Amino acid sequence: MQDYVMVFVVGGLICVIGQLLMDLTPLTPAHVLVLFVVIGGILSGLGLYQPLVDMAGAGASIPLTGFGHALVAGTMEEVDKLGFLGIFTGALKASAAGITAAVLFSFLAALLCNPKG
C-alpha cells in the first residue's frame, strides 16, 4: 500500500508544480512541457532522477519529467555500449514504444472523433 501512496504523492507533486507554474507565471502549457522534459533530462544526467523513479515508480516515470529522464538514460546507456554512435540512437531506442503508442492512439482518436472546426 505504501508503494501506491508514494506513486500518488510524487506524481501529484509533479503535476501540482506544473499547474502552479501555469497559474502563477506567464508560462504557457507548451513552456511548462518543454521545461519539465528538460528538467527531467538534467536531473537524469546528474544521477538524481533514477532514485526518484526507483522510489515512486510510475509516479516519476509517467509525467513529462520521466520522458526527459528516459531520453537521457537511454542515450547514456547507448553511449556506454556504442560510443559516439550512441548519442544518435539512444534516445530513440529508449522512447520508441511511448512515441509509437502516442502516434497510434492519436491517429485512432482522429479517425473515431469528429473535428469541431
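Because the structure is predicted, anything quoted here is derived from the model rather than measured. (Residues numbered from 1 in each chain as written. Predicted model: local features only at pLDDT ≥ 70, side-chain atom pairs only at ≥ 80, totals over all residues. Heavy atoms only, no water.)

K.L.:
Got a minute to help me understand the overall build of the protein chain in this structure?
P.N.:
The secondary structure content of the protein chain amounts to six helices and zero strands. Seen through its principal axes, the protein chain has C-alpha atoms that stretch 50 × 35 × 35 Å. Among the 117 residues that make up the protein chain, the fraction classed as buried is 22%. Considering only contacts in the protein chain between residues 6 or more positions apart, those separated by 24 or more positions represent 50%. Taken as a whole, the protein chain presents about 8,100 Å² of accessible surface, with 76% of it coming from carbon and sulfur. (Helix = DSSP H or I, 4+ residues; strand = E, 2+ residues; numbered from the N terminus. Buried < 20%, exposed > 50% of the residue type's maximum accessible area, 1.4 Å probe, protein only. Contact = heavy atoms within 4.5 Å. Areas by Shrake-Rupley, 256 points an atom, 1.4 Å probe, with all protein chains shown as cover.)

K.L.:
Help me understand the environment of A58 in this model?
P.N.:
Mapped onto the fold, A58 is located in helix 4 (residues 58-61). On the basis of relative accessible area, A58 is assigned to the partly exposed category, the value being 40%. Residue contacts for A58: discarding those within four places in its chain leaves V7 and P63.

K.L.:
Which parts of the structure should I look at to understand the nonpolar core?
P.N.:
Within soluble globular proteins, side chains that are nonpolar tend to cluster in buried spots. The biggest cluster of nonpolar side chains holds eight residues, and these are V10, I14, V32, F36, Y49, V53, A56 and A60. Where this core is concerned, the elements lending two or more residues are helix 1 (2-24), helix 2 (29-45) and helix 3 (49-56). Tallying contributions element by element places helix 3 first for this core, with three residues. Residues within four places of V10 in sequence aside, it is in contact with L52, M55, A56, G59 and A60. (Core = buried A, V, L, I, M, F, W, Y, C linked by side-chain atoms within 4.5 Å.)

K.L.:
Help me understand the UniProt feature "transmembrane region" (unreviewed entry) in the protein chain in this model?
P.N.:
Per the UniProt record, "transmembrane region" (unreviewed entry) is annotated on residues 5-22, 28-49, 56-76 and 82-113. Secondary structure over residues 5-22 splits into 100% helix and 0% strand, and the C-alpha atoms at its two ends are 26 Å apart. Along residues 82-113 the backbone is 88% helical and 0% strand, and the end-to-end C-alpha distance reaches 44 Å. (UniProt positions renumbered as here; feature names shortened; annotations may be inferred.)

K.L.:
Honestly, the pattern of salt bridges in this entry has me stumped. Any pointers?
P.N.:
It is possible for side chains of opposite charge to pair when their charged atoms get near one another. A complete count under the given rule lists two salt bridges for this structure. Of the charged contacts, one joins K81 and E77 as a salt bridge, the two residues approaching to 3.5 Å between their closest N and O atoms. Remark: E77 and K81 occur in helix 5 (residues 64-82); sequence separation between them is four residues, near one turn of the helix. The shortest N-O distance in the salt bridge between E78 and K93 comes to 3.4 Å. (Salt bridge = Lys/Arg side-chain N within 4 Å of Asp/Glu carboxyl O.)

K.L.:
It is not clear to me how a nonpolar patch on the surface should be interpreted in this structure. Could you clarify?
P.N.:
A cluster of nonpolar side chains, contributed by L33, V34, V38, I42, L46, L48 and L64, occupies part of the molecular surface with about 630 Å² of accessible area. In terms of residues, the nonpolar patch owes the most to one element, helix 2, which gives four residues. Relative to the helices and strands, V38 resides in helix 2. (Patch = residues over 30% accessible without salt bridge, like charges linked within 9 Å, V, L, I, M, F, W, Y side chains within 5 Å.)

K.L.:
Looking at this model, I keep getting lost on the side chain of H69. Mind explaining?
P.N.:
Inspection of the secondary structure puts H69 in helix 5. Side-chain polar atoms of H69 contact the side chain of Q50, separated by 2.9 Å. Dropping the residues within four chain positions of it, H69 is found in contact with G40, G41, S44, Y49, Q50 and V53. (Polar contact = N/O pair within 3.5 Å; in protein donor to acceptor, adjacent residues only side chain to side chain.)

K.L.:
What should I look at first to understand helix 3 in this one?
P.N.:
Since there are 3.6 residues in each turn of an α-helix, residues three or four apart along the chain are aligned in direction. Within helix 3, the full set of buried residues consists of Y49, V53 and A56. Axial view of helix 3: buried residues confined to an arc of 90 degrees, hence all on one face. Along its buried surface, helix 3 packs onto helix 1, helix 2, helix 4 and helix 5. One or two positions beyond helix 3, positive phi appears at G57, with a value near 55 degrees. (Arc of directions from axis to C-beta.)

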